[in-house]
Amino acid sequence: MSLKNNLKLLRGGRTRAGKSRRASSEPGLAEYLGKSRLVAGGIFIVTVAAIVLISYVGVGTTNLPVIEGQIAPVSIVADEGFSHVSRVRTEIAGNALRDRVPPVYRLDSEPFERFEAALTGLLARLDQLDREFPENAPVIPSREEIRAGFVDQFNAEGSFRVAAEDMAVLHGSGDAEFRRALAESGLAILRELYLEGVHDGTLTPAEDDQSQVTVYDVRRQGGEIAARTVQSLEQALTYLRINLTAEGAPAGLTTALYRIFRSGIMPNIVYDEEASRERESEALRALQPVTVNIAGGQTLIEAGSRVTVAQAETLAAYRQHVLDRGDLARDETLRLAGRVLLVLAMVIACAFYVRLEDRETLQSNTRLGLLALVVILNLGLVRANYSLLDLGLLPPDSAWAAVLPFIAPTAIAPLIVAILIDAGSAIFMALLISIFTAVIYGNRMDLLVITFLASMVAIFCCRDARKRGNVVRAAATGGLTVAAFALLVGLVDRTPVDIIGRQMAAGLVTGIVTGVIVVGVIPILESLFQRTTDITLLELTDFNHPLLRLMQLEAPGTYHHSLVVAQLAENACSAIGANPLLARVCALFHDIGKTAKPAYFTENQRDGVNPHDASSPELSAELIKSHVSEGVELAHRHRLPRAVVDVIEQHHGTSLIRYFYHRALGGSRPPQGSAVPFPAAKAQAGGGPGPVSESDYRYDGPKPRFKESAVISLADCVEAASRSLRKPSPQGLSEMIDAIIRDRIADGQLDEAPLTFSELAQVKNSFTFTLLNMLHARVAYPEADAEGAPAGNASGSKT
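Residues numbered from 1 in each chain as written. Predicted model: local features only at pLDDT ≥ 70, side-chain atom pairs only at ≥ 80, totals over all residues. Heavy atoms only, no water.

Asker: I keep staring at the overall build of the protein and nothing clicks. Help me out?
Answerer: Each helix and strand counted, the protein has 32 helices and nine strands in total. Residue burial in the protein is summarised as follows: out of 799 residues, 45% are buried. Long-range pairs, those at least 24 residues apart, make up 77% of the contacts in the protein with a sequence separation of at least 6. (Helix = DSSP H or I, 4+ residues; strand = E, 2+ residues; numbered from the N terminus. Buried < 20%, exposed > 50% of the residue type's maximum accessible area, 1.4 Å probe, protein only. Contact = heavy atoms within 4.5 Å.)

Asker: I would appreciate a short explanation of the side chain of E526 in the present structure.
Answerer: Within the fold, E526 resides in helix 21 (residues 497–529). Here E526 sits buried without a salt bridge, and the closest side chain of opposite charge, R468, lies 5.1 Å off (N-O distance). A polar side-chain atom of E526 sits 2.8 Å from a polar atom in the side chain of T536. What E526 contacts, discounting residues up to four positions off in sequence, is L420, R531, T532, T533 and T536. (Lys, Arg positive; Asp, Glu negative; His and termini not counted. Salt bridge = Lys/Arg side-chain N within 4 Å of Asp/Glu carboxyl O. Polar contact = N/O pair within 3.5 Å; in protein donor to acceptor, adjacent residues only side chain to side chain.)

Asker: For this particular structure, what's the right way to read the packing of aromatic side chains?
Answerer: Each aromatic ring pair is characterised by the separation of its centres together with the angle its planes make. The tally for this structure, following the rule as stated, stands at eight aromatic pairs. Seen from their ring centres, Y105 and Y271 are 6.1 Å apart, and the 75° between their planes marks the pair as edge-to-face. Of this pair, Y105 sits in strand 3 (residues 104–107) while Y271 sits in strand 7 (residues 269–271), placing them 166 residues apart in sequence. Of the residues examined, Y105 reaches a relative accessible area of 5% and is grouped as buried. Here the aromatic residues F115, F154 and F261 are joined through ring pairs into a cluster of three or more. Seen from the ring of F150, R125 lies directly overhead, with NZ or CZ sitting 6.0 Å from the centre. The aromatic ring of Y258 is capped on one face by R241, whose charged end is 4.0 Å from the ring centroid. (Phe/Tyr/Trp six-rings, centres within 6.5 Å; stacked < 30°, edge-to-face > 60°. Lys NZ or Arg CZ within 6 Å of the ring centre and 35° of its normal.)

Asker: Help me understand the side chain of N378 in this model?
Answerer: In this structure, N378 sits in helix 15 (residues 365–386). N378 has contacts with P409, T410, A411, I412, A413, P414 and I433, leaving out every residue within four places of it along the chain.

Asker: Got a minute to help me understand the packing of helix 26 (residues 617–637) against helix 28 (residues 658–666) in this structure?
Answerer: Each pair of packed helices can be described by the angle between their axes along with the distance between the axes. Their axes nearest at 9 Å, the elements helix 26 and helix 28 cross at an angle of 170°. Classified by the angle their axes make, helix 26 and helix 28 are roughly antiparallel. Residue-level contacts link P617, S620, A621 and I624 of helix 26 to F660, R663 and A664 of helix 28. (Axes fitted to C-alpha atoms, helices over the stretch in contact; angles between N-to-C directions. Parallel < 35°, antiparallel > 145°, perpendicular 65-115°, else oblique.)

Asker: I'm lost on the pattern of salt bridges in this one. Help?
Answerer: Side-chain pairing between opposite charges can occur once the charged atoms of the two side chains come close. Within this structure, the stated rule accounts for 25 salt bridges. When the shortest N-O distance is used, the salt bridge between R180 and D127 registers 2.9 Å. Placement of R180 in helix 8 (residues 176–196) and of D127 in helix 5 (residues 110–132) is noted, with a sequence separation of 53 residues between them. Overall, the relative accessible area of 9% leaves D127 in the buried class. A salt bridge links R259 to D166; its shortest N-O distance comes to 2.7 Å. Here R259, found in helix 10 (residues 251–262), pairs with D166, found in helix 7 (residues 164–171); they are 93 residues apart in sequence, far enough to count as distant. Residue R259 is classed as partly exposed on the basis of its relative accessible area of 36%.

Asker: What is the right way to read the packing of helix 4 (residues 87–100) against helix 11 (residues 273–285) from this model?
Answerer: Interaxial distance between helix 4 and helix 11 falls to 10 Å at its minimum, and their mutual angle equals 140°. Between helix 4 and helix 11, the angle is such that the two are oblique. Between helix 4 and helix 11 the crossing geometry is right-handed. Mapping the contact onto sequence places G94, L97 and R98 in helix 4 and E280, A283 and L284 in helix 11. Residue composition of the contact of helix 4 with helix 11, by class: three nonpolar, one polar and two charged. (Left-handed = near helix turned anticlockwise from the far one by under 90°. Nonpolar A, V, L, I, M, F, W, Y, C, P; charged D, E, K, R; others polar.)

Asker: What should I look at first to understand the confidence of the model for the protein in this one?
Answerer: Note that predicted coordinates carrying low pLDDT should not be read in detail. When pLDDT is averaged along the protein, the result is 79, and 80% of the positions lie at 70 or above. The model gives residues 1–10 a pLDDT under 50, and that stretch makes twelve contacts with residues more than four places away or in other chains. Every residue in residues 784–799 scores below 50 in pLDDT, and together they form twelve contacts with partners more than four places removed in sequence or on other chains. (pLDDT = per-residue confidence, 0-100.)

Asker: Honestly, the environment of A430 in this entry has me stumped. Any pointers?
Answerer: Within the secondary structure layout, A430 lies in helix 18 (residues 423–440). Residues A430 and A411 lie 19 residues apart in sequence; the distance between their C-alpha atoms is 6.9 Å. Sequence-distant contacts of A430, defined by excluding residues within four places in its chain, comprise P414, F452, S455 and I459.

Asker: I'm lost on unusual backbone geometry in this one. Help?
Answerer: In terms of backbone geometry, most residues other than glycine have negative phi values and most peptide bonds are trans. With an omega of 5°, the peptide bond between G701 and P702 qualifies as cis. Along the chain, P702 falls in the loop between helix 29 (679–685) and helix 30 (707–722).

Asker: Sorry, what's going on with helix 27 (residues 642–650) here?
Answerer: Residue pairs spaced three or four apart in an α-helix point in one direction, given the helix's 3.6 residues per turn. Of all nine residues making up helix 27, nine are buried, and the element is well covered by its neighbours. Buried residues of helix 27: R642, A643, V644, V645, D646, V647, I648, E649 and Q650, and no others.

Have a look at this one:
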C-alpha cells in the first residue's frame, strides 16, 4: 500500500473516531446553548414561574396550614364580614343544655313489698307459736328460743334487721289480732313513705341542711312526669317515729315498733335512664343552631395563640366563604401578582450573589440549568409533602399535621449544589428553599430558621465528601439538627410529648432519606450536566480501572509517564488552589490513546527499535497525533467524565510536533535499505526542499481551557523534558521549566487558560520541588569484594 493511502487511512480513521468528540470543541449549537444570554433569560423566567407556581398557587388564606391545638404561626383576619352555623358551638350549647335538663326518676316499691311479706310471715309464725304452744305450757325448747329462731330466720331472708327483744315486746303486747293491727298501722306508715319517695342523698349534691325538702322529677305509673317532694332517709325515720307515737301505744311498745319498722325504710327513688334520655332529646330538638357572625377586619386567630376547635371551625367556614365568593379570582390574581414580584426579587438577589461569588456559574447556562432544576424539584417535593394531608395519605389529625413540616426534604438541593458546584452557591440555595418552604407552610419563621440551619450543617459536613457514605452521614447530621431543635421548640411551645417525639423521628428519618436520595441522584445529574464530583474522581484513581490496567500491560512506559505527570499536576494544582484530585485523575488518563500504538512512542520502545525510522515525518506526525483521538474514543467508550475527555483533547493544545516537523524541513532520509526517500528529501535532491505545511505537524486542539488542563499540559512537557537531564540540579530544572513555560506562552498555548503569571510562578516552583524529590541522586554503591559482599556499607542502606 502506498504512503499516500496510509496517510488517508490514518486520517480517515482518526477523523471518524474523533468526529463527534471534536464537534464539542468547535463553535456550534452546544456552545451557543451553553453561553447564550437568551437561554439564560429563559432559565430565569422558568425558574421564577415554577417557584411562584409551587410556593403560592393554591397556598393562601383559603388553605393556610393552621393546626388545631397547636400555636398559630400567623394572625388570620377576615377581609369581610360573614356568618356561619357553628356545629362546634351548637354541640357545646347542647352539652350545656343537657347538663341543665333535670334527670327523671321513678319510685321503686319492691323494698316495701319484700319487707311487708317478710313481716307478715314473721307474725304468722308467732300466731302459730301461740296456737301450738300456749303460754306457760312446758315445751322444749322454750317459747323464747323458738321466737328467737323465727327472728333469725326473718333477718336471714332479707336485708332487714330486727332485734329478738323488740319482737318479744311486740309478741307480748296482746293477742294476734292486736299484733296484726299494730303491724297494719306501721305498714301503712311505710306505704305512705314509699309512695312519697325516700332518697339517701347520693343522687343529688350533698346539702348542708338535711331538713330541706328535695324535689325530684318522678315518672308516675301512667308515664307522666311531675315534680314532687322526696324525703331524705332521716326525714322518713322522723316521720315514722312521729306517726307511731300518735297511735297511743305504750312507750316501750312504740319504741320496739319503731326499731322494727325502721329497718323497712330504704331509699326507693331510682334514676330512670330511658325517661331522662327522652327528656334530653326533646330539649335538644328545641335547641336552635348557634350562628356565629364575624365582622370585616375581625381577627379569627391571633398569632402565637393555641388554636381552639371553635377557631379552627370558624377558619374553615371563612375559607369556604372565600371560595364561594364570586370575586375570588380577582383577589387571587392581585395577590399572585404581588407574590410574583417577591419571587422575582429573590431570584434577582440570587443572581447577584452568584455574580459576586461564582461568576463562572452565571456565565454557564449548564450550571444555571442545574441550579434551577434542583431548586424547582426540591420545592416541588416540599409542596408535594405539604399536600399529603389533602390527598388523604396521612391520618387527618392534628398530630400528623404538626409532624408534616418536619418531613419536608429541604436539604436535597443544597447538598447537590454543594457537591456538584460549590458550597457558596449551596448556602444561597439553602436560604432560598428555606424561605419558600416557610411560605408554603404559612410564613413560619421557626420552620425557616430550623431548615436553613439543618441545611448549613449538612453543607458543612459534606464540603470535602469523597465517599458516598459521607453524603448520607452529612444529611443525617442535618436531620439530627432538625430533631434537636424540634425538641427545644416543642418544649418552649408546650407541645405534647408524643407530637415532639414524632417530630424528632420525622426530622431524623428525613435526613437519612435525603442523603440516600442525593447519593442516587448525583450520578444522573453528573451525566446530564457534564459535572464531575470528587466522589467519582476518587473512584477513578483505582489502578485496577480497565484503562489503567490496559496501559500497564500495553504501554508500561506511558503508564509510568502518566503517574509522574499526575504527581506533578496534583502538587501544582494544590499550590494554586485548583482541584488537585481532578488534575490527578485527568493526568492518569490523558495518554490512554497511546495504548492503540504503544511502540510509536519513545517511552515504550525497547531494544532501540524505533518504527518511525521507516516512516515519513508526515506519517509519523499523524501517528503521534492519533493518540488524542484514540484516547477520546476510549474515554467515551468507558464513560469517563467530561473533564477527563477535555484534558485528553486539550493537553497538547495546538502545539507543534517539533521533531518530525524539523525532520521534514531538514529532508532527513530513512535508514539505509529503504527504497523510497521522504518527499521532502526527494524535493531537496531535485534542487531544494518542497513546501512543508506547519499545520500538518500541529495537534488539532483545542487549547487548554481550564486551570487543571493547562497545568497537566505543562506537566506533560516538563516530565518528558526531565528525562533528558543526566544530573538534575535545582538551577538546571528551573531553567528547563522556565524555557518550557515561555515557549508555551509564546506559542499561544495558554491563551485560553485562566492562569495568572503569579500562578504560573507557583506552578514552576511546585514542578521544581516535585522533580527534585523524584530525580534526586543516590549514593554510589562500592564495588563488591571477592566474596561478593559490599565492601563499604554493610547494612546496604540507600539515600
